[in-house]
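Summary of the model geometry
As a plain string of letters, each chain reads:
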Amino acid sequence: MDLFEYARSNNMKKESPLAARMRPKTLDEVVGQKHIIGKDKLLYRAIKADKLSSIILYGPPGTGKTTLAKVIAGTTQAEFMQINATIAGKKDMEEVVNKAKENRGMYNRKTILFIDEIHRFNKGQQDYLLPFVEDGTVILIGATTENPYFEVNGALLSRSVIFELKPLSSDDIKELINRAVYDEEKGMGSYGAVIDDEAADFLADLADGDARHALNAIELGILTTEKSEDGKIHITKEVAQECIQKKVARYDKDGDNHYDTISAFIKSMRGSDPDAAVYYMARMINAGEDPKFIARRMMVCASEDVGNADPQALQVAVAASLAAERIGMPEARIILAQAAAYIATAPKSNAAYGAIDEALSEVKKSGNLPIPAHLQDAHYKSAAKLGHGVGYKYAHNYPNNYVEQQYLPYELNGKEFYSPSGNGYEVKIREHMKFLKGAKEKNANES
């Protein structure tokens, strides 16, 4: 490196974004992700021992995928090479592979290839890498925000260990915020800034697990806020709000307003008001609520409040949950809103909810009553000698695929738990049950 290159490198370090300057260089500096890089965990031990095999790092933006790759780069004796799947072509990969072959053949040195956004590679590009990953020419580190089981070739997955990175907790984000404000070497400590606890809490909450989002707001706040009379830059909640470009929502994920809002959301769907349901969903999304939490509540509502009045409501809710998880925000908001509107406008029935609760109450009261012998399993040895399965009537051998016999324990003969409503598809269920009951009574009269 000549004098000019050295000067350019130093300037880049000083002028690079705060999030880049704050990037850890060692495992011990990494905040969060203890479930995969705790001192007793596989990935921590592999990095420390420089015995890494191919891995896929999967998680939302700002959770540390590139950070972990850079830490590995700083600790390994292998040559570390990096490409970005959004701009890399076959020529780039060929150059990496040729260099890796040279390292292996001439210097007996391993090569680690970090591919950021590996899900952007098409099948052909991923297939090209496969033999070189398989024979150890390159050790692959792939980073992706998309579910690798959908976006990465199965052959590559089978040769890699997948590590899922979780969104950073509020405490993790606050630790990084304080480092950024007060650290003079990597952070912005030389600016003489201080941050209020309220502002730090606000940024940590709204960052929603994305460290980069919080650090960008801190950098903007310090660079654009004038010093006060005491000579310090004060990062208050108001400053933080301006920098993150989001108004304070009256919504605390652990407070009463959280439960009030989700309660209003569910009751609006139950009450068949799609406008209110979408409105309360918007309040939760705006406040940073976890989309998976919203989706879970919709699945419960689809079964508890719609039930068999529209059996497709549960299918819509489950599909929305899976799609939202795969797509991610902000597009997931459309998927969740579609499901909420469907559930809200669907015919309603809580018959299944009532049925299981009444059945549970009966079980607690009467215990495990004997199962009628003809319903018991007749396949195991000596079952027939005990009378198990003897006399069972196979419904499909009878007209309308129905035959009268005792299904409940004899002590509960005539007991009803499920009483379908007169709404939606349950009208057809009631008619069918009425038909079966009529056939049962007819058979009784004839006998």
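Residues numbered from 1 in each chain as written. Predicted model: local features only at pLDDT ≥ 70, side-chain atom pairs only at ≥ 80, totals over all residues. Heavy atoms only, no water.

1. Things to note about the packing of aromatic side chains
- Summed over the entire model, instances satisfying the criterion amount to three aromatic pairs.
- Its guanidinium or amino end placed over the ring of Phe150, Arg326 lies 4.0 Å from that ring's centre, counting from NZ or CZ. (Phe/Tyr/Trp six-rings, centres within 6.5 Å; stacked < 30°, edge-to-face > 60°. Lys NZ or Arg CZ within 6 Å of the ring centre and 35° of its normal.)

2. Considering the sheet that holds strand 2 (residues 79-84)
- Strand order in this open sheet of five strands is 2-3-4-1-5, and the pairing throughout is parallel. At either end of the open sheet lies a strand with only one pairing partner, and these are strand 2 and strand 5 (161-164). Averaged over neighbouring strand pairs, the angle between their axes works out to 15° when direction is ignored.
- Note: strand 2 against strand 3 (residues 111-116), six bridges, orientation parallel. Note on strand 3: the bridge partner recorded for Ile83 is Ile115.
- Here helix 6 (residues 90-107) sits on the sheet in contact with strand 2 and strand 3, set at roughly 170° to strand 2. (Pairing = 2+ DSSP bridges. Helix = DSSP H or I, 4+ residues; strand = E, 2+ residues; numbered from the N terminus. Axes fitted to C-alpha atoms, helices over the stretch in contact; angles between N-to-C directions. Contact = heavy atoms within 4.5 Å.)

3. Examining the pattern of salt bridges
- Going through the model one piece at a time under the given rule, you end up with 18 salt bridges.
- One salt bridge in this structure joins Lys123 and Asp127, with 2.9 Å as the shortest N-O distance. Linking Lys123 with Asp127, this pair stays in helix 7 (residues 123-134), spanning four residues, or about one helical turn.
- Through salt bridges with shared partners, one network takes in Arg270, Glu304 and Asp305. (Salt bridge = Lys/Arg side-chain N within 4 Å of Asp/Glu carboxyl O.)

4. Here's the deal with a negative patch on the surface
- A cluster of acidic side chains, namely Asp196, Asp197, Glu238 and Glu242, defines a negative patch on the protein surface.
- Take Glu242: it is sitting in helix 13 (residues 237-244).
- Residue Glu242 is classed as exposed on the basis of its relative accessible area of 57%. (Patch = residues over 30% accessible without salt bridge, like charges linked within 9 Å, V, L, I, M, F, W, Y side chains within 5 Å. Areas by Shrake-Rupley, 256 points an atom, 1.4 Å probe, with all protein chains shown as cover. Lys, Arg positive; Asp, Glu negative; His and termini not counted. Charge placed at Lys NZ, Arg CZ, Asp CG, Glu CD. Buried < 20%, exposed > 50% of the residue type's maximum accessible area, 1.4 Å probe, protein only.)

5. Considering the nonpolar core
- Membership of the largest hydrophobic core comes to 32 residues, with the highest contact counts inside it found for Ile173, Ile177, Ile195, Leu203, Ile218 and Ile222.
- One finds Phe265, Ile266, Phe293 and Cys301 within the second-largest nonpolar core, a separate group that totals 26 residues. (Core = buried A, V, L, I, M, F, W, Y, C linked by side-chain atoms within 4.5 Å.)

6. So, helix 13
- Those residues of helix 13 that fall on the buried side of the exposure criterion are Lys237, Val239, Ala240, Cys243 and Ile244. Here the buried residues of helix 13 occupy an arc of 155° about the axis, which is enough to place them on one side. In this structure, helix 13 carries Glu238 and Glu242 as exposed residues pointing more than 90 degrees from its buried face. (Arc of directions from axis to C-beta.)

7. With respect to the packing of helix 10 (residues 170-182) against helix 12 (residues 211-224)
- Interaxial distance between helix 10 and helix 12 falls to 10 Å at its minimum, and their mutual angle equals 30°. As summarised for this structure, helix 10 and helix 12 are arranged roughly parallel, according to the angle between their axes. With respect to the hand of their crossing, helix 10 and helix 12 are arranged in right-handed fashion. Residues Ile173, Leu176, Ile177, Ala180 and Val181 of helix 10 touch helix 12, and the partners they reach there are Ala211, Ala214, Leu215, Ile218 and Ile222.
- Grouping the amino acids of the contact of helix 10 with helix 12 by side-chain chemistry returns 10 nonpolar, no polar and no charged. (Parallel < 35°, antiparallel > 145°, perpendicular 65-115°, else oblique. Left-handed = near helix turned anticlockwise from the far one by under 90°. Nonpolar A, V, L, I, M, F, W, Y, C, P; charged D, E, K, R; others polar.)

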